[in-house]
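Per-entry structural report
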Amino acid sequence: MRVPNAPQRIRRPRGFPRVRVWMIVAVVIIIVLLFSLKGLAGFYTDYLWFDSVGQGGTWSQLLAAKIAPAIVFTVIFFVIMYASLLIADRIAPKYRSMGPEDEIIERYQQVIAPYRGRLRVGVALFFALIAGVGVSSQWQQWVLFTHRVDFGVKDAQFHKDIGFYVFQLPFLKFVVEWLFAGLVIVLIVTAVAHYLNGGIRFQSPFQRVTPQVKAHLSVILGIMALVKAYQYFFIGRYELNFSSRGVVEGASATDVKVQAPALRTLAVVAVIAALLFVWNIFRRGWVLPVIAVGLWAFISLAIGTIYPAYYQKFRVDPNEFQSEQRYIGRNIAATRDAFDLKRVDVTGFPYSDTLQPAVVNANRPTIDNARLWDPGVIKPTYQTLQGLQTFYKIDDVDVDRYLVDGQTRQVTVAARELNSAELPSQSWVNRHLVYTHGYGAIASPTNSATSQGNPNFFVSNVPPKGQIKLTNQGSQLYFGENLSGYALVNANQSEFNYPRAGAQDATTRYTGTDGVKLSSYLRRFAFALRFGDFNTVISGQVNSNTKLIFQRDIKDRVTKLAPFLKFDADPYPVVLNGKTTWILDGYTTTSRYPYSESTNGEGGLNGDFNYVRNSVKATVDAYNGTVKFYVIDPKDPIIRSYRKAFPDLFTDFSKMSSGLRAHLRYPEDLFKTQTTVFGRYHVTEPRRFYDGNAKWLVSPEPGGAGPNVVTSDTSNKPQNATSTSQRIAPYYLYIRLPGEKHESFLILRPFVPVSQDNKQTRLVSFMVARADPGEYGKLSTFVMPQSQSVLGPVQADNQVNSTAEISRQITLLGQQKSSLLQGSLQVIPVGDSLIYVRPLYVQREGASGYPTFRFVVVLAPNRQPVLAATVNDGLNQIFGAAPAAPTPGQTPAPTTGGNVQDLLNQASTAFNNAQTALKNGDLAEYQKQINQAGKLIDQARQAAANTPTSPAAPTSPTSPTTAPSTPASTAASASLQQAGRRR
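Okay, so let's go over this structure. (Residues numbered from 1 in each chain as written. Predicted model: local features only at pLDDT ≥ 70, side-chain atom pairs only at ≥ 80, totals over all residues. Heavy atoms only, no water.)

**Section: the overall build of the chain**
- A tally of regular secondary structure across the chain gives 28 helices and 33 strands.
- Buried positions account for 53% of the 983 residues belonging to the chain.
- For the chain, contacts bridging at least 24 residues in sequence account for 69% of all contacts bridging at least 6.
- In the structure as shown, the chain presents an accessible area of about 43,600 Å², 56% of it carried by carbon and sulfur atoms. (Helix = DSSP H or I, 4+ residues; strand = E, 2+ residues; numbered from the N terminus. Buried < 20%, exposed > 50% of the residue type's maximum accessible area, 1.4 Å probe, protein only. Contact = heavy atoms within 4.5 Å. Areas by Shrake-Rupley, 256 points an atom, 1.4 Å probe, with all protein chains shown as cover.)

**Examining the pattern of salt bridges**
- Inspection of the entire model under this criterion finds 26 salt bridges.
- Note that Asp255 is salt-bridged to Arg245, the shortest N-O span being 2.5 Å. Placement of Asp255 in helix H8 (residues 253-279) and of Arg245 in the loop between helix H7 (211-239) and H8 is noted, with a sequence separation of 10 residues between them.
- Where salt bridges share partners, they join Asp46, Arg530 and Lys560 into one cluster. (Salt bridge = Lys/Arg side-chain N within 4 Å of Asp/Glu carboxyl O.)

**Quick notes on the pairing of strand E29 (residues 818-822)**
- The buried fraction of E29 is high, at five of five residues.
- Judged by which residues are buried, E29 turns out to be covered on both faces: Ser818, Leu820 and Gln822 on one side and Ser819 and Leu821 on the other are all buried.
- By the bridge criterion, five bridges tie E29 to strand E31 (residues 833-844) in an arrangement that is antiparallel. If you follow Leu821 over to E31, its bridge partner there is Tyr841. (Pairing = 2+ DSSP bridges.)

**So, the nonpolar core**
- Of all hydrophobic cores here, the largest spans 120 residues; its most connected members are Phe564, Phe629, Phe646 and Phe650.
- In terms of residues, this core owes the most to one element, H8, which gives 12 residues.
- Setting aside residues no more than four positions away along its own chain, Phe650 makes contact with Phe564, Val616, Phe629, Val631, Ile639, Tyr642 and Arg643. (Core = buried A, V, L, I, M, F, W, Y, C linked by side-chain atoms within 4.5 Å.)

**Points about the environment of Gly777**
- Summarising the element assignment, Gly777 is placed in the loop between strand E27 (765-770) and strand E28 (779-783).
- When the C-alpha positions of Gly777 and Arg665 are compared, they lie 9.0 Å apart, and in sequence the two are 112 residues distant.
- The contacts of Gly777, once residues within four sequence positions are left out, are Arg343, Tyr666 and Arg770.

**Focus on the sheet that holds strand E13 (residues 516-517)**
- The strand order E10-E14-E13 describes an open sheet built from three strands, whose pairing is antiparallel. Either end of the sheet is taken by a strand with one partner, and the two such strands are strand E10 (487-489) and E13.
- Across three bridges, E10 lies against strand E14 (residues 547-549) in antiparallel orientation. If you follow Leu488 over to E14, its bridge partner there is Leu548.

**Remarks on the packing of helix H5 (residues 139-146) against helix H6 (residues 162-197)**
- H6 packs onto H5 with a crossing angle of 130 degrees between their chain directions and a minimal axis gap of 8 Å. Looking at the two axes, H5 sits oblique to H6. The way H5 lies across H6 gives a crossing that is left-handed. Residues Gln141, Trp142, Leu144 and Phe145 of H5 lie in contact with H6, whose contacting residues are Phe167, Gln168, Pro170, Phe171, Leu172 and Phe174. (Axes fitted to C-alpha atoms, helices over the stretch in contact; angles between N-to-C directions. Parallel < 35°, antiparallel > 145°, perpendicular 65-115°, else oblique. Left-handed = near helix turned anticlockwise from the far one by under 90°.)

**With respect to the packing of aromatic side chains**
- Applying the stated criterion across every chain, the model contains 59 aromatic pairs.
- Here Phe564 and Tyr642 contribute two aromatic rings whose centre-to-centre distance is 4.2 Å and whose plane-to-plane angle is 15 degrees, an arrangement assigned as stacked. Residue Phe564 is found in the loop between helix H18 (554-561) and strand E15 (566-567), and its partner Tyr642 is found in helix H19 (residues 637-645); the two are separated by 78 residues along the sequence. The same class applies to Phe564 and to Tyr642, which are both buried.
- Cluster of aromatic residues (ring-pair linked, three or more members): Phe73, Phe77, Trp142, Phe145, Phe171, Phe174 and Trp178.
- Over the ring of Tyr521 we find Arg524; its NZ or CZ atom is 4.7 Å from the centre of that ring.
- For Arg687, the ring lying beneath its charged end belongs to Phe321, and the centroid distance is 4.1 Å. (Phe/Tyr/Trp six-rings, centres within 6.5 Å; stacked < 30°, edge-to-face > 60°. Lys NZ or Arg CZ within 6 Å of the ring centre and 35° of its normal.)

**Observations concerning helix H16 (residues 521-531)**
- All buried positions along H16 are accounted for by Arg524, Ala526, Phe527, Ala528 and Leu529.
- Just past H16, the residue Gly532 takes up positive phi, approximately 60 degrees.

**Focus: the pairing of strand E4 (residues 407-418)**
- Burial of E4 is extensive: 10 of the 12 residues sit out of reach of the surface.
- Judged from the three bridges that link them, strand E2 (residues 392-394) and E4 form a sheet pairing that is antiparallel. Opposite Ile394, over in E4, you have Arg416 as the bridge partner.
- Two strands pair when backbone bridges link them, and strand E3 (residues 398-404) and E4 are joined in this way by seven bridges, in the antiparallel orientation. Its bridge partner lying in E4, Asp398 is registered against Val413.

See the structure below:
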């Protein structure tokens, strides 16, 4: 029966609350998606890019490597947290006496009672995501851990394979630290749950913690103690191999004799503490856990910190070498192995300070290839002479060797890349559809210049012409250095190819394999979000055949595919079979090689590491963008591990073409690191190593870093070389080494003795690394006799700058609104002696100025340095030796006949006129007269050589024997020497 005026209950649709909840969830999801669209677009377009370059499998493997550890650790933490919260709910007391804090708790329990299970899942999932998702940042350690290989070498202290320390220990250390931190979170959250469930009361006059709660928390604390015990015994002991407490890195005397036993003791203490936590379950109060933790802390401080410090200070330091000798030996052996220095061939250099003309003539190919052009100096010269348009740039110049006219020549080479910042206009069409690529390459020999001081080009201009051939397609550079953004190809708009003089510009359409086809609006919209540019969606230029090319910077490209490798800072282009290919050196590194000394690398090898290998040569086709990773060092365990993880990414080195192999260089960043480390670790005897007096340093850079500049803004004196902390950079040469029969392309770096404030700058050795096929990677060090003082680069440069005539010429060239650039000083072995070569350049001030070659300074042992047009000319001035065949690329002036003495007199007059012009600041007239003097001297030499009575091979003035000659020929020879010196 219905009661009159009774309040009526409003009936709601049974499904209303559920519908409302799902509506809220849907709104939240939509908002999250809107904020995540750009991230999703990046994820999707990344997949499209990997798939377009044929590495879809690698994309999946990289994704799995990042997701797998996050999922595994999220699940593990969720299970641990959920289980603990479930136990907390199950052992919650049914009844508790009401206290001041219970009213709020009672209301809380009434509210959440219907949702207790879901709340438990939500809390566990929340903390699991916080603790687990971040583990994806450890994906490289996860990959190495799950694809471990053996090094085949065991550490000296614990006799475990090095692979354990490189592949397993870092990840195990992370897991233990993560687990302990996770248990701390579980302990705190569980204690809060017990409080909310009534198992813990802070203001209760009776039992504040129920026995069940006490048992639960004691078990968690016991597990945490066991985790610490594992960390002490299995992680901490092995970590001693990376200690820096001693003289060198690695487990030292204190670590082995004191710290290791202390860690074992602490592990036992931690186990005892865990047992006391468990025993505490059956006792009242918390006395035992407090005693366990206090004792643990005291022992840890006493034997883990105080006693090792005492032992080091009072037992090891007073007898340091005797205590550390064994461990120093271990460090030497490990460091030499980790930096691949065990295979360095150390050879005594039979140095002679008397360089004979016969030796000079026998080494003419080496002398002919002495470098007159520095890559850093010639870059603005290339840009001015061969940039051609504002939208072209010369981003970098590199040294390589090419076969030109049947002869191997060392050259500087650069790519003419696109300069998007200086297009005729910055319209969207210009930036992405019209100007899509650079064009051509520039190359010139390093050892010659024109009469105007410019490079002699082997390939130049647009379209490219010269001895090094490029096809039209091979000239199109869609990928290069520092090339950002994207390009749209096969659009309705044709692409600009190169300018034509007096005609319509040449256009092209991309026919290469790279690019993601914009075949759907989904793809267009995804790229619009990625680049923040919706023209890809709305532009009428884009059609279904249009492809979008991105990741055009070659370093970004290879790093995207192989983010676990480091790459050399100096990639270089190779022109081969009419096309351009970029070569990049890839490194594997680790800081986990036991006992090896850590170092800070340079360039692409930045950061701390104590093991390095140049395991990979990466190539990028400048037109198609095709990337290949050739494994050049298959013995490297780290690259073997990554190859197991990403099998589709790598290619056997045997599949690299012989043409590309002929252009491989030993990488500069690696050589810098190895020479720096070798300066100390060439010493293998612990006593001498400890004393340190046999240590070498890389020679200081003469005059500081880079080319020295002398301008009229400074004093009228050239800058003298000084010993600075900046070390001389290694340089590439094509020379013949002592005792060898043929020239090699190599990289060289000189050493000086260790000294305070660089006071010792004499040359003690130089190190080289070969790069030619069949000898690639061979390291050699040539050591000077200890009984002789051999000029080092700084000493040689000081001698040059203190020579009055050279100093005067340098000062004159550095005046009148021009700058004189002193190029890199090179130490070049010639037979059993050395010569020192430094090119000099002049650059006019102003935006139109660029470096032009003027002279080269040549210094031979026990001789005065001279200025000359070529290194051969300089040696001829020094020794009076007859010149050999002209330097390749330089055409001798035709002989016009005439009396030798008349020609020399004319040359002397021209030289005097040049000096007058130089003093007056007329550089054009100066250059004209110098060129005329050079031609006249060449004619005089040829005329003297054609004289029937001239000697076959003039000898050095210091030689004890002299070839017979007639008075006329002797006078001619003397005049040639005098004119050559004045030239």
